[in-house]
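An overview of the molecular structure
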Amino acid sequence: EALYEFSVPVELGDEFNVTYRDTIPDLPSVLGEILQTGDLALQGEILNGLPLALDVSIDLLDSQNRVVELDESSGKFTVASSDSGNPAASQFDLNLKKKEGVKVNDISSLVFVVNVNSGNAAGAILKEEDFLTGKISAVLPSGITLDLLELEKQNEK
């Protein structure tokens, strides 16, 4: 019996481009009401152990899977790349403001789109121990309160 192990480093070229999408479905119905009356904010921190900067955008979808149009400056941020093997922490305070005049009936899903392109990837070498983690929380406009027990009951239905 023989056991072999080998490692093949990957170096990204000038034409490299990858987009990752992930959807958080079944959001509480109150989010649509919040967006009707004001802005919704997301705050958090991304810890990036990849040697790549990441462009992140967030889309909100209604129950018909239509994108809710956000203000041009809303819903986007950049995650810094790791520096010489040291993970980079990127704090974000992201205001999700609907575009002027857009009517919002409901919000059912949140879509994260992460893009890496040749502009910030050329020459990067990926290793097995590289990682990406994050924490995110919603911040409600002042004057709005949530009953967490009521939200839990809605989720059970």
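Definitions and limits used
Residues numbered from 1 in each chain as written. Predicted model: local features only at pLDDT ≥ 70, side-chain atom pairs only at ≥ 80, totals over all residues. Heavy atoms only, no water. Salt bridge = Lys/Arg side-chain N within 4 Å of Asp/Glu carboxyl O. Helix = DSSP H or I, 4+ residues; strand = E, 2+ residues; numbered from the N terminus. Buried < 20%, exposed > 50% of the residue type's maximum accessible area, 1.4 Å probe, protein only. Pairing = 2+ DSSP bridges. Axes fitted to C-alpha atoms, helices over the stretch in contact; angles between N-to-C directions.

Let us now look at the pattern of salt bridges. Applying the stated rule across the entire model yields 2 salt bridges. The salt bridge involving Asp62 is made with Arg66; its shortest N-O contact spans 2.9 Å. The salt bridge partner of Lys99 is Glu69, with a shortest N-O separation of 3.6 Å. Residue Lys99 is found in the loop between strand S6 (88-96) and strand S7 (109-117), and its partner Glu69 is found in the loop between strand S4 (54-61) and strand S5 (76-79); the two are separated by 30 residues along the sequence. Glu69 sits in the partly exposed class, given a relative accessible area of 44%.

With that out of the way, let us pick up the sheet that holds strand S9 (residues 132-139). As summarised here, the arrangement of the 3 strands in space is S6-S3-S9, forming an open sheet in which the pairing is antiparallel. Bordering the open sheet on either side are S6 and S9, each of which pairs with just one other strand. Pairwise comparison of adjacent strand axes, ignoring direction, gives a mean angle of 15° for this sheet. Sheet analysis places strand S3 (residues 40-48) next to S9, joined by 8 bridges and oriented antiparallel. Bridge pairing in S9 links Asn48 to Leu132.

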